Amino acid sequence: MKYIFVTGGVLSGIGKGIAAASIGAILKWMGQKVFCQKFDGYLNVDPGTMSPFQHGEVFVTNDGAETDLDLGHYERFLDINLSKLSSFTSGKLYEEIINRERKWDYLGGTVQIVPHLTDLVKEKIIQGQESSGADISIVEIGGTIGDMENEYLLESARQMQHDLGHENVIFVHVVLLPYLWASKEFKSKPIQHSVRTMMSYGLSPDFLIVRADTDIAEDMMEKIARSCGIPKQHVISAPTLDTIYRVPLSFEWQNIGEELAKKLHIPVLLPNMENWRALIQNIDTSQEILKIAMVGKYVWLEDAYYSLNEWLKCAWFAYQKRVVIEFIEAEEVEKQGVSVLQWFDGICIPGWFGTRWVEGMILTTQYARENNIPFLGICLWSQIMAIEFARNVLGIEDASSEEFAPEWTNNIIHIMSDQKELTTKGWNMRLGLYPCVIRSGTLAERVYKEQMGTLGDSTIYERHRHRFEFNPRYRGEMEKRGFIVSADSPDGMLAEIVEIQNHPYMIATQAHPELISRPFRPHPLFLGFVGAMME
């Protein structure tokens, strides 16, 4: 069993997840089977109930776990599907400890951080690797070295290295190298202090990944290696690049795969990075610019829609186009009108929860429908599309959603029956991978067939995260007027994809296709959206 712990120093939010994912991608292409985990110190049981402004998007796995957005990096860079065993918070771990204590599992003993909580962390790490059958597990510890809330996680990692040996457990420390613009120089002292803090926990980094906004001179890299007591070839330069998809190639150019293999005593093989080189070639040759309006609720924090933003870009790269995404708050459409949308080649609408700025959403949808603007809606937006159509085509003036106006008569969208009696929040929506059956003769069928080659029995699988659904009571009349349910759940009870007839590309899905899209296999709905903008 081999384990790589990825920790952060100086500041949080400097790219530990991208670094871990890039290392995993390199090791995978060296022939290793890799599993990834993320441990966070906060007391929320999972990110599912956290505001996107606090924590960015919630990434949902096939088995319905609501997780940190870094799991999206792992899945996409390694092209694997992770699970609930990949994401743990202090809240989730404490919850399990307390439940065990209440069940008398500790036989009346005093339950403590050490050994009980640290043993549980080690149990979860080993369980994750064993269940996946991986050769190597990459374990990212959230936050920054020195954070009080993460100390027990570091102690768990220290114990694992003690138990399994330094050839089986190693540490990669991702640190920030600050640049002082006044004196025009880098300062390595914060890195030195971070490494010393890490050593105070009984840990020594085997590799340093040095983040900076500009290129780092060779003499500075040598200074960092010398002052931190780390071999020069184990100090990896990681300047900010124009796209995150250059990072694996940048790391491999510095031979991190070979050095990791030597440290872990595994075969040293040359990784096959041709897919990554081809992706970068598409990025570099992209010339024509397409402009997208991303109309949403959390648009001032791009991490709130991270997966969607990235996989729209990947779809454009596949066509060798460049994209400019302009983020527009739905409130701006309410206040200024649809004139703010007139300069765009397409409109993409991400999902969200709540009642704010619903009218701006409806106006945006109406504008796209009436002006034949390519339109892709995600999750909530499939519901908004139904409400807009009911109001402006069927003439149902009070058409709305039970989420927005539970007392109204004509709720085109209603809560699913299994959600009505729930009183708590967290891990009780329709979460995870579900089958969808596509109807023949629809835009959805054409788009999926064009990109996938075949649909077999017309069943696809998409990840979901929602409570409300299209009310089938209105389906017959709406389909007569051109609002088509083009994919259903296998029992025919839930509308999965909806589209507008006689429109170049107006389609919305109740699912989250961005969660299963990959750099080398963009989702069919994204590719179809870009194709429609090009026509």
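Residues numbered from 1 in each chain as written. Predicted model: local features only at pLDDT ≥ 70, side-chain atom pairs only at ≥ 80, totals over all residues. Heavy atoms only, no water.

Chemist: Explain the overall build of the chain to me, please; I cannot follow it from the model alone.
Modeler: Scanning the chain from N- to C-terminus turns up 18 helices and 23 strands. The C-alpha radius of gyration computed for the chain amounts to 25 Å, which stays within 12% of the reference 24 Å derived for 535 residues, consistent with globular compactness. In terms of principal-axis extent, the alpha carbons of the chain reach across some 70 × 65 × 50 Å. Residues classed as buried in the chain amount to 60% of the 535 residues present. Within the chain, counting contacts between residues at least 6 apart in sequence, those at least 24 apart form 73% of the total. By element, 50% of the accessible surface of the chain is carried by carbon and sulfur atoms, the whole surface being about 22100 Å². Computed over 50 positive and 70 negative side-chain charges, the separation of the two mean positions in the chain equals 2 Å. (Helix = DSSP H or I, 4+ residues; strand = E, 2+ residues; numbered from the N terminus. Rg over C-alpha atoms; globule rule 2.2 N^0.38 Å. Buried < 20%, exposed > 50% of the residue type's maximum accessible area, 1.4 Å probe, protein only. Contact = heavy atoms within 4.5 Å. Areas by Shrake-Rupley, 256 points an atom, 1.4 Å probe, with all protein chains shown as cover. Lys, Arg positive; Asp, Glu negative; His and termini not counted. Charge placed at Lys NZ, Arg CZ, Asp CG, Glu CD.)

Chemist: How should I be thinking about the sheet that holds strand β16 (residues 400-401) in this particular structure?
Modeler: Within a sheet, neighbouring strands are paired by backbone hydrogen bonds and run either parallel or antiparallel to one another. The mixed open sheet is built from 3 strands, whose spatial order is β16-β17-β20. Looking at the sheet topology across the chains shown, the edges are occupied by β16 and β20 (468-470). With respect to the sheet, helix α15 (residues 380-392) is in contact with β16, β17 (411-415) and β20, its orientation differing from that of β17 by roughly 150 degrees. (Pairing = 2+ DSSP bridges. Axes fitted to C-alpha atoms, helices over the stretch in contact; angles between N-to-C directions.)

Chemist: Which parts of the structure should I look at to understand a nonpolar patch on the surface?
Modeler: A cluster of nonpolar side chains, Leu43, Tyr94, Ile98, Ile113 and Val114, forms an exposed patch at the surface whose accessible area comes to about 450 Å². On the secondary structure map, Leu43 appears in the loop between β2 (34-40) and α2 (52-55). (Patch = residues over 30% accessible without salt bridge, like charges linked within 9 Å, V, L, I, M, F, W, Y side chains within 5 Å. Salt bridge = Lys/Arg side-chain N within 4 Å of Asp/Glu carboxyl O.)

Chemist: Could you clarify how one ought to interpret the packing of helix α1 (residues 16-28) against helix α3 (residues 70-78) in this entry?
Modeler: For any two helices packed against each other, one specifies the inter-axial angle together with the distance between the axes. The geometry of α1 relative to α3 is characterised by a closest axis approach of 8 Å and an angle of 20 degrees between their N-to-C directions. Taken together, α1 and α3 sit at an angle that is classed as roughly parallel. Regarding α1 and α3, the two cross each other, and that crossing is right-handed. In this structure, α1 contributes Gly17, Ile18, Ala20, Ala21, Ser22, Gly24, Ala25 and Lys28 to the contact, and α3 contributes Asp70, His73, Tyr74, Phe77 and Leu78. (Parallel < 35°, antiparallel > 145°, perpendicular 65-115°, else oblique. Left-handed = near helix turned anticlockwise from the far one by under 90°.)

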